[in-house]
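# Residue-level structure breakdown
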Amino acid sequence: MTEQASISGLVLAGGRGTRMGQVDKGLQPFRGKTMAAHVLERLGAQVAQVAINANQNLDTYAALGVPVWPDDLPGFMGPLAGMATGMRHCRTEYLLTAPCDSPFLPPDLASKLLAALREQDADLAFAATQEPGQRPQPHPVFCLVKASLLPVLSTYLAEGGRRMDGWYKDLKAVEVLFEDADAFRNINTLDELHSLDTVRAPRLADVTSCLSAYDPDALPVKDAQRIIRDFVQPVRAVEQVALRAALGRVLARDIVSPINVPAHDNSAMDGYALRGEDLPSEGQVRLAVVGTVYAGKPDARVPGRGECVRIMTGGVMPEGCDSVIPQEFVAQESADAIVVAAGVIKPGDNRRFAGEDLKAGSAALKAGKVIRPADLGLVASLGIAEVPVRRRLRVAFFSTGDELRSIGQQLDEGSVYDSNRYTIYGMLQRLGCDIVDMGIVRDDPAALEEALRSACENADAIITSGGVSVGAADYTKQIMARLGDVTFWKIGMRPGRPLAFGRIQSNGHDAFLFGLPGNPVAVMVSFYFFAREALLRMMGADAPLPLLRARSAGAIRKKPGRTEYQRGILIHGEDGIPQVRITGSQGSGILRSMSEANCMVVLHDEQGSVAAGDMVDVLMFEGLV
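All values derive from a computational prediction rather than experimental measurement. (Residues numbered from 1 in each chain as written. Predicted model: local features only at pLDDT ≥ 70, side-chain atom pairs only at ≥ 80, totals over all residues. Heavy atoms only, no water.)

What follows deals with the overall build of the protein chain. Summing up its helical and strand segments, the protein chain has 14 helices and 35 strands in all. Here the C-alpha atoms of the protein chain give a radius of gyration of 33 Å, more than 25% beyond the 25 Å that 2.2 N^0.38 yields for 625 residues. Oriented by its inertia axes, the alpha-carbon framework of the protein chain measures out at about 105 × 85 × 45 Å. Taking as baseline every contact in the protein chain between residues at least 6 positions apart, the subset at least 24 positions apart corresponds to 71%. As displayed, the protein chain has an accessible area near 29,300 Å², and 49% of this comes from carbon and sulfur atoms. Across the protein chain, the centroid of the 65 positively charged side chains sits 1 Å from that of the 74 negatively charged ones. (Helix = DSSP H or I, 4+ residues; strand = E, 2+ residues; numbered from the N terminus. Rg over C-alpha atoms; globule rule 2.2 N^0.38 Å. Contact = heavy atoms within 4.5 Å. Areas by Shrake-Rupley, 256 points an atom, 1.4 Å probe, with all protein chains shown as cover. Lys, Arg positive; Asp, Glu negative; His and termini not counted. Charge placed at Lys NZ, Arg CZ, Asp CG, Glu CD.)

So, about the sheet that holds strand 1 (residues 7-12). Taking strand neighbours across the sheet as the criterion, the seven strands line up as 5-4-1-6-8-7-9 in an open arrangement whose pairing is mixed. Two strands lie at the open edges of the sheet, namely strand 5 (68-69) and strand 9 (173-177), each paired on one side alone. Bridging between strand 1 and strand 6 (residues 94-99) involves six bridges; their strand directions are parallel. Its bridge partner lying in strand 6, I7 is registered against Y94. Sheet strands in contact with helix 3 (residues 79-89) are strand 1, strand 4 (49-53), strand 5, strand 6 and strand 8 (137-146), and its direction is about 150° off that of strand 1. Running at roughly 75° to strand 8, helix 4 (residues 109-119) makes contact with strand 1, strand 6, strand 7 (124-129), strand 8 and strand 9 of the sheet. (Pairing = 2+ DSSP bridges. Axes fitted to C-alpha atoms, helices over the stretch in contact; angles between N-to-C directions.)

In terms of burial, helix 1 (residues 35-44) is a largely internal element, seven of the ten residues being buried. Looking only at helix 1, the buried set comprises M35, A36, A37, H38, V39, L40 and L43. (Buried < 20%, exposed > 50% of the residue type's maximum accessible area, 1.4 Å probe, protein only.)

Turning next to unusual backbone geometry. For the bond running from V261 to P262, omega is -5°, close enough to zero to count as cis. Secondary-structure assignment places P262 in the loop between strand 11 (255-256) and strand 12 (266-267). At N350, a residue that is not glycine, the phi angle is positive and equals roughly 65°. With respect to the helices and strands, the residue N350 is situated in the loop between strand 18 (337-341) and strand 19 (351-352).

Turning our attention to helix 3. Structurally, the α-helix is built with 3.6 residues per turn, so residues lying three or four positions apart point the same way. Burial runs high along helix 3: eight of the eleven residues are buried. Three or more residues of helix 3 are buried, namely L80, A81, G82, M83, A84, T85, G86 and M87. On the buried face of helix 3, the contacting elements are strand 1, strand 4, strand 5, strand 6, strand 8 and helix 5 (150-158).

Taken together, I407, L411, Y417 and Y422 make up a surface patch of nonpolar side chains, about 420 Å² in accessible area. Tracing the sequence through the fold places Y417 in strand 24 (residues 416-417). By relative accessible area, which is 42% here, Y417 ends up partly exposed. (Patch = residues over 30% accessible without salt bridge, like charges linked within 9 Å, V, L, I, M, F, W, Y side chains within 5 Å. Salt bridge = Lys/Arg side-chain N within 4 Å of Asp/Glu carboxyl O.)

The next point concerns the pairing of strand 17 (residues 331-334). With three bridges connecting them, strand 17 and strand 18 associate as antiparallel partners. Each residue of the ladder has a partner; that of S334, found in strand 18, is A337. Counted along the chain from strand 17 to the antiparallel partner strand 18, the turn is two residues long.

The next subject is the pairing of strand 7. Burial analysis of strand 7 places six of its six residues in the buried class, the great majority of the element. Burial along strand 7 is two-sided: L124, F126 and A128 and A125, A127 and T129, pointing in opposite directions, are all buried. Inspection of the sheet shows strand 7 paired to strand 8 by six bridges, in the antiparallel sense. By the bridge assignment for strand 8, F126 is matched with C143. Two elements, strand 7 and strand 9, share five bridges in a ladder whose sense is parallel. In the strand pairing of strand 9, A127 is matched with V176.

Under the criterion given, the structure shown has eleven aromatic pairs. Note on F501 and F514: the rings are 5.4 Å apart at their centroids and 45° apart in plane angle, and the pair reads as tilted. Of this pair, F501 sits in strand 29 (residues 498-506) while F514 sits in strand 30 (residues 509-516); the two residues are 13 residues apart in sequence, bridging distant segments of the chain. Following the ring pairs from residue to residue traces out a cluster consisting of F231, W489, F501, F512 and F514. Over the ring of F178 we find K112, and its NZ or CZ is 4.4 Å from the ring centre. (Phe/Tyr/Trp six-rings, centres within 6.5 Å; stacked < 30°, edge-to-face > 60°. Lys NZ or Arg CZ within 6 Å of the ring centre and 35° of its normal.)

Attention shifts here to the layout of surface pockets. Taken as a whole, the largest pocket encloses approximately 1,400 Å³ of empty space. Lining the largest pocket are 42 residues, with E41, R42, L105, P107 and P202 sitting closest to its centre. The class makeup of the residues in the lining of the largest pocket is 18 nonpolar, seven polar and 17 charged. (1 Å grid on protein atoms, 1.4 Å probe; cavity = no way out; pocket = protein on both sides within 12 Å on 5 of 7 lines; lining within 4 Å. Points joined across faces, edges and corners; volume = space filled by probe spheres on them. Nonpolar A, V, L, I, M, F, W, Y, C, P; charged D, E, K, R; others polar.)

Take a look at the structure:
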């Protein structure tokens with residue numbers, strides 16, 4: 001049996017919510033969910049099964065998809081009554097309890113409590129935190145207890161006991177220290193709830209702890225991408241903009257259609273609207289033409305049996321008509337009559353129904369979509385002039401190195417022109433960011449710290465190139481780490497092995513940091529496969545890299561164990577299947593190979609050498625945002 005399989009979880013939500021306007025605390029909305037849902041999500045990931053203890057709103061709690069157990073004892077006897085109920089229902093060796101008003105509980109709560117309980121052969125373990133210079137603060141409601149101790153707790157309750165820390169005085173209990181005091185924070189008032197209702201970025205240690213074999217010196221690409229995805233948080237600010245100004249922006253809320261589109265049943269083409277029952281099963285039939293309907297000009301006339309109406313594309317279908325026969329499928333007998341042969345159309349053909357494209361009240365566009373030209377037209381068709389979008393992401397970037405020169409400066413011996421800022425600029429422009437170009441920062445600790453602090457105080461994200469490789473000066477890592485929560489990785493990939501990532505702070509501001517390598521091709525590869533998705537996530541967008549499959553024109557040598565990105569040129573083969581060939585030398589400093597290429601061949605970590613004719617994944621450059 002695994003450790004997780006031996007534990008049941010119980011969310012304690014049995015109170016009356018007197019400090020929150022008589023509303024259950026667990027049902028208060030918080031960061032897009034109820035507080036109880038947050039606790040369930042965090043606790044459920046650590047135990048074999050989870051339930052809720054609640055004494056009111058049972059159906060609402062049950063809608064969260066887990067069992068709901070009210071107190072077995074009469075009246076409101078506090079969290080110990082809920083714990084007793086949980087122990088009575090528990091089918092595992094241990095029960096772990098957590099309150100519904102602590103949505104930040106740590107992801108290792110169960111494992112740390114169980115390890116301490118077993119190590120000290122204790123009856124129960126509970127969490128505690130300690131501020132510098134202060135005594136430990138116990139949190140007995142975050143408790144892992146042997147379910148077999150129910151008789152002890154029941155006796156304590158029967159004698160009138162109510163204190164969470166009073167019932168186990170004759171048992172062996174162990175206090176387990178946790179570093180993050182905020183993880184055990186109780187939200188007790190509406191004001192406190194509202195003040196905290198912002199996205200709380202996790203610590204890197206919390207995110208990396210979810211990986212079973214985390215090694216910063218040998219990190220697979222997919223693990224680095226997952227850590228970044230889980231660590232970054234979207235900006236929350238929303239602004240209303242005119243429809244034409246929304247192009248390329250990220251939609252902040254669903255666009256709900258106020259009308260049916262189309263608004264009426266209408267004709268899909270120019271022809272004659274008729275009753276399907278008038279269509280002949282054999283031979284032909286003569287129909288009298290009793291009027292004409294134009295788009296935008298409905299006609300109240302109701303055709304009878306044996307009658308039809310001339311109708312134009314988009315014209316409102318006359319009452320009683322359910323089919324349209326294209327004008328080229330009829331014989332014109334006279335100005336007032338047509339002849340229709342059997343079998344040319346079926347009843348119901350060429351009729352568009354009201355709401356066929358969109359029904360009133362349905363979502364026309366979903367939040368998180370990057371708005372494209374077709375979306376502008378769709379929103380305009382609904383009569384909506386303004387849309388809510390996420391504010392533009394502000395990104396600062398600079399290059400590091402004494403050898404770099406800006407365009408216009410003279411090249412000294414050993415110096416090179418800085419190309420990275422221009423490729424980064426272009427890639428950020430494609431994403432629609434507000435850009436802060438901070439130029440070149442020389443190899444000097446004070447200059448680097450000043451640049452990082454300035455970028456942090458003026459941007460949401462920072463991108464640097466150079467200074468994070470094995471040979472870089474130690475002060476680069478020291479300064480980045482001193483300013484915040486930053487880690488340095490050696491990623492199993494080629495090109496672009498070194499990468500720094502994290503979040504730094506300065507004077508009350510913070511920004512996510514992406515320290516890219518210095519080689520020109522490695523910068524672009526690292527941006528596309530790490531920074532791009534993270535920046536889009538910060539914008540509130542979901543836009544994974546659009547990989548397609550193509551046939552390799554030649555053999556490609558590769559050993560399993562690392563991901564490789566090869567520059568390629570994709571064409572359509574004679575059989576219509578896309579075909580890709582490598583551009584030649586794949587050195588990470590050969591930027592010309594990126595300019596000549598129209599795609600990148602992605603050879604995944606577990607993949608070996610590719611033979612000519614094998615299918616490979618390809619990332620197209622054109623249109624990549």
